[in-house]
Amino acid sequence: MPRYKLTIEYDGTPFVGWQVQAAGRTVQGVLAEAVRRFSGEEVVVHGAGRTDAGVHATGQVAHIELARDWKPDTVRDAMNAHLRPHPVAVLEAEPAAEDFHARFSATGRRYLYRIIARRPDLVLERNRAWRVLRPLDTQAMALGAARLIGRHDFTTFRAIGCQAASPVKTLDRLAVETVPLEGPGMEIRVHAQARSFLHHQVRSMVGTLVKVGEGAWTPDDVSAALEAADRTRCGPMAPSAGLYLAEVSY
């Protein structure tokens, strides 16, 4: 059966997450419904990662199998026609090899987390960034981030219900970037890259780095929390609204 690789963008705000659940609208569910409506086929949409409720994507990857050999552009355009008005778009559809799997063939994933530091409420960026009220020390945050790069036991930054077989992961990149804003305040972007992540790992690391940026923690406190391998030693978990699955590499 022809297999297609899909690159997908979505606003996670109205969804209970990526994965189909017993109740609530999901990204995986509306994609499968779009396929059914244009092709008449019931398919499973296999994603590269399961994003939580409220998490966005600019580069999620999935694959589907169809009985008919459709042109890739037709798959893309037909799915998008049936996805409206959901805030989900198929950016690209490509033919894929029979052994390609969106999740298991992936060699890396990159996440972006957006923080906006300003007093006024967010309006245009509501549900798309984490608003903090005071400026953050991004140099201190970068020093704290450096303590987490490499191969470690990330139990401290792991969700209690995480189903990964091991808490040991290799974090290839954790970078802190400042982006100028036209209006008041500042935007801080945290870039995280690894082959794979534990459940809530990125949001937990970002919440900890914000503690450093506020001056409540030092980079040494980040190292101590990591080495403790104890979830209770983690800083507060960052909200889902600022997190984006930016890229999946193969």
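Conventions and cut-offs
Residues numbered from 1 in each chain as written. Predicted model: local features only at pLDDT ≥ 70, side-chain atom pairs only at ≥ 80, totals over all residues. Heavy atoms only, no water. Helix = DSSP H or I, 4+ residues; strand = E, 2+ residues; numbered from the N terminus. Rg over C-alpha atoms; globule rule 2.2 N^0.38 Å. Buried < 20%, exposed > 50% of the residue type's maximum accessible area, 1.4 Å probe, protein only. Contact = heavy atoms within 4.5 Å. UniProt positions renumbered as here; feature names shortened; annotations may be inferred. Pairing = 2+ DSSP bridges. Core = buried A, V, L, I, M, F, W, Y, C linked by side-chain atoms within 4.5 Å. Disulfide = S-S within 2.5 Å. Axes fitted to C-alpha atoms, helices over the stretch in contact; angles between N-to-C directions. Parallel < 35°, antiparallel > 145°, perpendicular 65-115°, else oblique. Left-handed = near helix turned anticlockwise from the far one by under 90°.

Participant: Any chance you could break down the overall build of the chain for me, citing the residues and the numbers?
Facilitator: Along the backbone of the chain there are 5 helices and 10 strands. Computed over its C-alpha atoms, the radius of gyration of the chain comes to 19 Å, within 12% of the 18 Å expected for a compact globule of 250 residues. Dimensions along the principal axes, computed over C-alpha positions, put the chain at roughly 60 × 40 × 30 Å. Counting the 250 residues in the chain, one finds 50% classified as buried. In the chain, 70% of the contacts between residues at least 6 apart in sequence involve partners at least 24 apart.

Participant: Talk me through unusual backbone geometry; I want residue IDs and the actual numbers.
Facilitator: Looking along the chain, the bond that leaves Arg-84 and enters Pro-85 is cis, with omega of 10°. Looking at the element boundaries, Pro-85 is found in the loop between helix H2 (72-83) and strand S4 (88-96). In the Ramachandran plot, Ala-229 falls in the positive-phi region, its phi being about 50° despite a non-glycine side chain. By secondary structure assignment, the location of Ala-229 is in the loop between helix H5 (219-228) and strand S10 (243-249). Accessibility expressed as a relative area gives 32% for Ala-229, which makes it partly exposed.

Participant: Mind laying out the UniProt feature "domain: Pseudouridine synthase I TruA alpha/beta" (unreviewed entry) in the chain, listing which residues take part and the relevant values?
Facilitator: The UniProt record annotates "domain: Pseudouridine synthase I TruA alpha/beta" (unreviewed entry) at residues 8-104 and 145-250. The span residues 8-104 is 26% helix and 25% strand, and its two end C-alpha atoms sit 17 Å from each other. Note that residues 145-250 is 25% helix and 30% strand, and that its end C-alpha atoms are spaced 25 Å apart.

Participant: Pulling in residues and values, what's your account of the pairing of strand S1 (residues 3-10)?
Facilitator: Across the 8 residues of S1, 7 count as buried, placing the element largely inside the fold. Bridge analysis of S1 against strand S3 (residues 56-65) gives 7 bridges, and the strand direction is antiparallel. What sits directly across from Ile-8, in S3, is Gln-60. Both S1 and S4 contribute to a ladder of 8 bridges, which runs antiparallel. Across the sheet, residue Tyr-4 finds its bridge partner in S4, namely Pro-95.

Participant: Tell me about the pairing of S10, residues and numbers included.
Facilitator: Most of S10 sits out of view: 5 of its 7 residues are buried. Sheet topology places S3 next to S10; 2 bridges connect them, and they run parallel. Bridged to His-56 within S10 is Tyr-244. Judged from the 6 bridges that link them, strand S5 (residues 108-117) and S10 form a sheet pairing that is antiparallel. The partner of Arg-110 across the bridge, within S10, is Glu-247.

Participant: Residues and numbers for the nonpolar core, please.
Facilitator: One finds Leu-31, Ile-64, Val-75 and Ile-115 to be the most contacted residues of the largest nonpolar core, which totals 73 residues. Ignoring sequence-local partners within four residues, the contact set of Ile-64 consists of Pro-2, Arg-3, Tyr-4, Leu-6, Val-35, Val-43, Val-44, Val-45, Val-75 and Met-79.

Participant: Outline the state of the cysteines, listing residues and values.
Facilitator: Within the structure shown, the criterion is met by 0 disulfides. As a non-bridged cysteine, Cys-162 has Cys-234 as the owner of its nearest cysteine sulfur, 13 Å distant. On the basis of relative accessible area, Cys-234 is assigned to the buried category, the value being 13%.

Participant: I'd like a description of the packing of helix H1 (residues 27-39) against H2, backed by residues and values.
Facilitator: Closest axis-to-axis distance for the H1/H2 pair is 8 Å, and the angle between their directions is 110°. Of the possible angle classes, the one that applies to H1 and H2 is roughly perpendicular. The handedness of the crossing between H1 and H2 is right-handed. Mapping the contact onto sequence places Val-30, Leu-31, Ala-34, Val-35, Arg-37 and Phe-38 in H1 and Val-75, Ala-78, Met-79, His-82 and Leu-83 in H2.

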